[in-house]
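Here's the letter readout for the chains.
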Amino acid sequence: MADSAVTDEPETKDDIDRAKNDGKELTKEEKQRLRKEKKQQRKSKEKNDDKESEKEKKSFPAAAPASQPPTQPTTHKAPPAVPAPAPVPVPASEAPAPAEKPAKSKAELKAERRARQEADRASKQGKKGEVGPQASTSKPKAPPSELQPVVKRLPEHVQVDNPDVLKKLAKKLERQQTDDAAAKFKIPLRLDYGYKVSLFSHLHQYSRKSPLTQQLSIPSTVIHPAIVRLGLQYSQGIVAGSNARSVALLHAFKQVIRDYNTPPNEELSRDLVNKLKPYISFLNQCRPLSASMGNAIKYIKKEISNIPNQCKEEEAKSKLLTCIDCYIEEKIVLAARAIAKYSIEKINDGDVILVYGCSSLVNHILCEAFNKNIKFRVIVVDSRPRLEGREALRRLVQGGIRCTYVLISAVSYILPEVSKVFLGAHALLANGYVMSRVGTSQIALVAKAFNVPVLVCCETYKFCERVQTDSFVSNELDDPDDLIVTRKGKTQLEDWLQVDFLGLLNLVYDVTPPDFVDLVITELGMIPCTSVPVVLRVKNVDQ
Amino acid sequence: MPGPDKETDLTERIEAFLSDLKRGGCGTGPLRGSAETARETTALLRRITAQARWSSAGDLMEIIRKEGRRMTAAQPSETTVGNMIRRVLKIVREEYARSRGSSEETDQQESLHKLLTSGGLSEENFRQHFAALKANVIEAINELLTELEGTTDNIAMQALEHIHSNEVIMTIGRSRTVEAFLKDAARKRKFHVIVAECAPFCQGHKMATSLSKSGIETTVIADAAIFAVMSRVNKVIIGTQTVLANGGLRAVNGTHTLALAAKHHSTPLIVCAPMFKLSPQFPNEEDTFHKFVSPHEVLPFTEGDILSKVNVHCPVFDYVPPELITLFISNIGGHAPSYIYRLMSELYHPEDHEL
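Computed from a predicted structure; not experimentally measured.

Just to check I follow, could you spell out the overall build of chain B for this structure?
Within chain B, the secondary structure is distributed over 15 helices and 11 strands. Residue burial in chain B is summarised as follows: out of 355 residues, 55% are buried. When contacts within chain B are restricted to residue pairs at least 6 apart in sequence, those whose partners lie at least 24 apart make up 80%. When the accessible surface of chain B is summed, it comes to about 15,000 Å², and 51% of that surface belongs to carbon and sulfur atoms.

Put into structure tokens, the structure is as follows:
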């Protein structure tokens, strides 16, 4: 603690000032900084030769800042880094020897990183002579440790254009295996398919025709069969919709826990978490995890690590199973009932309600409202290529509700009849934006133009601490072949892969700005879109 | 006898044209594009002028009006037919006035003073006979036909003034005018086009393949992604089926959403529409504005069990109000939507607005 305080003097002062205003985060930031310092120390130990570290120790008593550049000829590349270590070690010269290493290695690492970044940028500009506004979005992302400590690590699935990240991921997948498994039982890396639109070169684009499970050997000793089945269901779209995916995930984890046996010298709390890691990577490869799944996984990991050491295995397992059941019951089932109760207050007789796509929550609300004998009719809006609205249509018609069905291009024709719009959400972001199925923002836009109120229904477990302002930086690209259609015997886009200059884009999500949304109905009540970070804070305090 | 033969020949041609119009009523558009329809209509009117029996301008106008009413009734959504008829009527009026010797200017300007002082034009009944009228009218119609043939090229010639390099342009569905426009610009500039496919007929696919074959970098997106992608778009260039009298559009469905998204992001919306698409209709005639086609394109018959319990709509057109439009590019240059009413008064005579 003392070392870091001395070497990071100017930054720490600012941090402390900042942290005084938000009291809680001081300790978190300090902890993160500590962790980073340790990581950098470890990295510098790998990079520098032992000789050089010895040389540094020897040259330190000389205390000449000018002598330091010559002792690190191989590692220093960029000239601007040279003056940087000079002033920094001067105040640190009073500090003991180990304190010097973090200061120098940090600056030297910074220099290396800068040089690498510039090399990347130059090579990228040479490779892509692409359109200007799009080139700006494909700039290499700065390695996360250079950013402020508050920002978390960038997930891998939005850094597809960075070859280093891909290599790291491949290595990680290789490493995640049980001790007795041979190297061939590694989790396979899924390959991208087809021509990707340059704006989205940082995202994966998979083909449904080549699922990940084809590359797995049978039997797979690394991955539990329930997880393999789940992964296949995700990648083929059999289980879709954020609630359905979370519930399926939790049930699969319950099965994993039931079948789990603690190895002899390990503790359940630590080993089970490590066991789950390769499963999660595998599922991520099949289909990127949703925000709701991320929150569920965080909860499970926390519960597992909170199991006391002296707990017997059977007891611990049954405790975990009840925890998971509780989570599903509270956060999904009961929350749906509470949201339905609040929403029914907003539905009146004679209403014409517009819904988009298939949201399990919105369907539940409408069926409940119908059972309470409120007279309303529903307009279901659907869009290609997923055509999820047909599923919603079937459920509502089975419930006995009068429905109309249109495609999203006819929305401005049908909106003058509509009195309210109910939308479901995939996640609610901390800056008030609603992340949902692609097309939701369009419906909200047109509804706003016609002055029709837009209500979003979302459980609180889907609230997410990420922020996002557009639909590009973090999205999912679905199989582009889905856009191909055969009409009157002619398929226009059949051989789009052979045609140069032609790309197909099949987005899955988009973000709706908060000024389009009038109300968010959660189980905690009816809140405006901008109150999402308040709810997140309250939840964090509770936990 | 040449007379009756010519007449039966003429009526045959008119009937053939009417049945063509009636058949081209499905959502994928008429059997031929609007430019072709306009040309065929004008050619037919020229034939009527040449072969029908009339002695004065008034008779000719009556015949044209009668046939015109039948043609517009055959396919009300095909407004170019009506537009051409009104153009020809205006031509007849002009030629008549020129033959009579009175200047065209005084006839056109309906000042408040004129309205009060003279019944003026209403007394004019076009009964005078002029020998040269037929030849003049046919010559003027020939000029009109030449103008029609050059519209797409005239519009495409203006492309380089509006598209700069490295732009991202968005369009929806398929418009031959926009296709020619973009291909002309692509000869000199490099840019990227995003095409919204425009379900359920997915005409955007054909547009995308055609553009990519000319070497333009094209991306096809689903209709639902229009707003998501709009933030990276520099311009929106669309075609339309009709330009209405107030400067609004009657365009393929999905265009209103596109226009709203463009307005939200302050992206200019450019409409490429030749002059023959300008129609003196207003959008408030609700019962004739919308056209619906078979909903099996939206919800196919394979979904049989729910079909009987559900209403399905498949509208073909959208109304786009003039506030959302930035610029009209036509064969006579570029105009703001607020100028459309003036163009209309130059093309059509107010008394012909109701055929």
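Once you've had a look at it, read on.
It is not clear to me how the sheet that holds strand 8 (residues 310-312) of chain B should be interpreted in this structure. Could you clarify?
Strands belonging to one sheet form pairs held by backbone hydrogen bonds; the direction of such a pair is parallel or antiparallel. Here we have eight strands laid out as an open sheet, ordered 13(A)-12(A)-7(A)-4(A)-1(A)-2(A)-3(A)-8(B), and mixed in their pairing. The two strands at the open ends of the sheet, each matched to only one other strand, are strand 13 (525-527) of chain A together with strand 8 of chain B. If you compare each strand with its neighbour and ignore which way they point, the axes differ by 25° on average. Inspection of the sheet shows strand 3 (residues 403-407) of chain A paired to strand 8 of chain B by three bridges, in the parallel sense. By the bridge assignment, Tyr405(A) is partnered in strand 8 of chain B with Val312(B).

Quick question: what am I supposed to make of the confidence of the model for chain A here?
As a general rule, the predicted coordinates of low-pLDDT regions are not to be interpreted in detail. All names here are of chain A. With 73% of its residues at a pLDDT of 70 or more, chain A shows a mean pLDDT of 77. Within the model, pLDDT remains below 50 along residues 1-11, and this stretch shows 11 contacts once partners closer than five positions in the same chain are excluded. Taken as a whole, residues 59-103 scores under 50 in pLDDT and shows 37 contacts with residues more than four places along the chain or in a different chain.

Before we go on, may I ask you to explain the sheet that holds strand 7 (residues 269-272) of chain B in this structure?
Here we have eight strands laid out as an open sheet, ordered 10(A)-3(B)-2(B)-1(B)-4(B)-7(B)-10(B)-11(B), and mixed in their pairing. With partners counted over all chains shown, the strands left at the sheet margins are strand 10 (502-505) of chain A together with strand 11 (333-335) of chain B, one partner each. Between one strand axis and the next, the sheet turns by 25° as a mean value, whatever way the strands run. Here three bridges tie strand 4 (residues 235-238) of chain B to strand 7 of chain B, and the two strands are oriented parallel to one another. Across the sheet, residue Ile238(B) finds its bridge partner in strand 7 of chain B, namely Val271(B). Sitting on the sheet, helix 9 (residues 176-186) of chain B touches strand 1 (168-172), strand 2 (192-196), strand 4, strand 7 and strand 10 (327-330) of chain B, and the angle it makes with strand 4 of chain B is about 130°. Where helix 12 (residues 255-264) of chain B meets the sheet, it contacts strand 1, strand 4 and strand 7 of chain B, and its direction lies at approximately 155° from that of strand 4 of chain B.

Is there a simple way to explain the environment of Lys539(A) in this structure?
All names here are of chain A. If you trace the backbone, Lys539 turns up in helix 19 (residues 532-542). Linking Lys539 and Tyr461, residues 78 residues apart in sequence, is a C-alpha distance of 9.7 Å. When residues no more than four places from it in sequence are discounted, the contact partners of Lys539 are Thr460 and Tyr461. At 3.1 Å, the side chain of Lys539 and the backbone oxygen of Thr460 are in polar contact.

Just checking my understanding: could you explain the packing of aromatic side chains for this structure?
Each aromatic ring pair is characterised by the separation of its centres together with the angle its planes make. All names here are of chain A. On inspection of all chains with the given rule, the structure shows seven aromatic pairs over all chains. A ring pair is formed by Tyr299 and Tyr327, whose centres lie 4.4 Å apart and whose planes are at 25°; its orientation type is stacked. Highlighted residues: Tyr299 in helix 13 (residues 291-305) and Tyr327 in helix 14 (residues 313-346), separated in sequence by 28 residues. On the basis of relative accessible area, Tyr299 is assigned to the partly exposed category, the value being 22%. On the basis of an interplanar angle of 85° and a centroid distance of 6.4 Å, the ring pair of Phe370 and Phe376 is categorised as edge-to-face. Since its relative accessible area comes to 27%, Phe370 is described here as partly exposed. A residue is classified by how much of its surface remains accessible, and Phe376, at 5% relative accessible area, is buried. Aromatic ring contacts, followed pair by pair, group Tyr299, Tyr327 and Tyr461 into a single cluster.

Looking at this structure, I do not really get the interface of chain B and chain A. What am I missing?
Frequently, the measure chosen for interface size is the accessible area that the parts lose on association. Tallying the contact residues gives 53 residues for chain B and 55 residues for chain A. Roughly 4,800 Å² of surface becomes buried between chain B and chain A when both sides are summed, with 63% attributable to carbon and sulfur atoms. In terms of surface lost to chain A, no three residues of chain B exceed Ala224(B), Phe227(B) and Arg232(B), which account for 14% of the buried area on that side. In this structure, the connection of chain B to chain A is made through two salt bridges. Notably, a salt bridge pairs Glu197(B) with Arg384(A), separated by 2.8 Å at the nearest N-O pair. For the pair chain B and chain A, the interface holds 17 residue pairs in polar contact (both at pLDDT 80 or more). For the side of chain B that touches chain A, the elements supplying multiple residues, two or more each, are helix 10 (203-213), strand 3 (217-221), helix 11 (226-230), helix 12 and strand 8 of chain B. Its residues assigned to classes, the side of chain B that touches chain A comprises 26 nonpolar, 18 polar and nine charged.

Got a minute to help me understand the pattern of salt bridges in this structure?
Oppositely charged side chains may form a pair once their charged atoms are brought near each other. Using the criterion set out here, one finds 30 salt bridges over all chains in the structure. In this structure, the salt-bridge partner of Asp470(A) is Arg232(B), at a minimum N-O distance of 2.6 Å. Taken as a pair, Asp470(A) in the loop between strand 7 (454-457) and strand 8 (486-487) and Arg232(B) in the loop between helix 11 and strand 4 lie in two separate chains rather than in one. Both residues of the pair, Asp470(A) and Arg232(B), count as buried. Between Arg23(B) and Asp20(B) there is a salt bridge; the shortest N-O distance is 3.0 Å. You can see Arg23(B) and its partner Asp20(B) sitting in helix 1 (residues 2-23), three residues apart, about one turn around the helix. What emerges from the salt-bridge pattern is a single network uniting Glu62(B), Arg65(B), Arg93(B), Glu351(B) and Asp352(B).

What is the right way to look at the packing of helix 11 (residues 242-258) of chain A against helix 12 (residues 268-286) of chain A in this model?
A pair of packed helices is captured by two measures, namely the crossing angle of their axes and the spacing between those axes. Residue and element names in this part refer to chain A. At a minimum axis distance of 12 Å, the contact between helix 11 and helix 12 shows a crossing angle of 140°. When the interaxial angle is binned, helix 11 and helix 12 end up oblique. At the point where helix 11 passes helix 12, the crossing takes the right-handed sense. On helix 12, the residues touching Leu249, Phe253, Val256 and Ile257 of helix 11 are Leu272, Leu276, Tyr279, Ile280 and Leu283. Here the contact of helix 11 with helix 12 is composed, by residue class, of nine nonpolar, no polar and no charged.

Is there a simple way to explain a positive patch on the surface in this structure?
Residues and elements named next belong to chain A. On the surface, Lys31, Arg35, Lys38, Lys39, Arg42, Lys43, Lys45, Arg116 and Lys168 cluster together into a patch of positive charge. It is helix 3 (residues 25-47) that provides the largest number of residues to the positive patch, a total of seven residues. Examined against the element boundaries, Lys38 turns out to sit in helix 3.

Explain unusual backbone geometry to me, please; I cannot follow it from the model alone.
The bulk of non-glycine residues show a negative phi, and the bulk of peptide bonds are trans. Residue Pro385(A) is bonded to the preceding Arg384(A) through a cis peptide linkage, with omega at -5°. Here Pro385(A) lies in the loop between strand 2 (376-382) and helix 16 (389-399). A cis amide bond links Ala199(B) to the next residue, Pro200(B), at an omega of 0°. Relative to the assigned elements, Pro200(B) resides in the loop between strand 2 and helix 10. Phi is positive for Cys198(B), which is not a glycine, with a value near 65°. Within the element layout of this structure, Cys198(B) appears in the loop between strand 2 and helix 10. For Cys198(B), a relative accessible area of 3% puts it in the buried group. Non-glycine residue Cys202(B) carries a positive phi angle of around 55°. By secondary structure assignment, the location of Cys202(B) is in the loop between strand 2 and helix 10. Classification of Cys202(B) as buried rests on a relative accessible area of 5%.

Cut-offs and rules
Residues numbered from 1 in each chain as written. Chains lettered and ligands numbered in written order. Predicted model: local features only at pLDDT ≥ 70, side-chain atom pairs only at ≥ 80, totals over all residues. Heavy atoms only, no water. Helix = DSSP H or I, 4+ residues; strand = E, 2+ residues; numbered from the N terminus. Buried < 20%, exposed > 50% of the residue type's maximum accessible area, 1.4 Å probe, protein only. Contact = heavy atoms within 4.5 Å. Areas by Shrake-Rupley, 256 points an atom, 1.4 Å probe, with all protein chains shown as cover. Pairing = 2+ DSSP bridges. Axes fitted to C-alpha atoms, helices over the stretch in contact; angles between N-to-C directions. pLDDT = per-residue confidence, 0-100. Polar contact = N/O pair within 3.5 Å; in protein donor to acceptor, adjacent residues only side chain to side chain. Phe/Tyr/Trp six-rings, centres within 6.5 Å; stacked < 30°, edge-to-face > 60°. Buried area = accessible area lost by both parts, 1.4 Å probe. Salt bridge = Lys/Arg side-chain N within 4 Å of Asp/Glu carboxyl O. Nonpolar A, V, L, I, M, F, W, Y, C, P; charged D, E, K, R; others polar. Parallel < 35°, antiparallel > 145°, perpendicular 65-115°, else oblique. Left-handed = near helix turned anticlockwise from the far one by under 90°. Patch = residues over 30% accessible without salt bridge, like charges linked within 9 Å, V, L, I, M, F, W, Y side chains within 5 Å. Lys, Arg positive; Asp, Glu negative; His and termini not counted. Charge placed at Lys NZ, Arg CZ, Asp CG, Glu CD.

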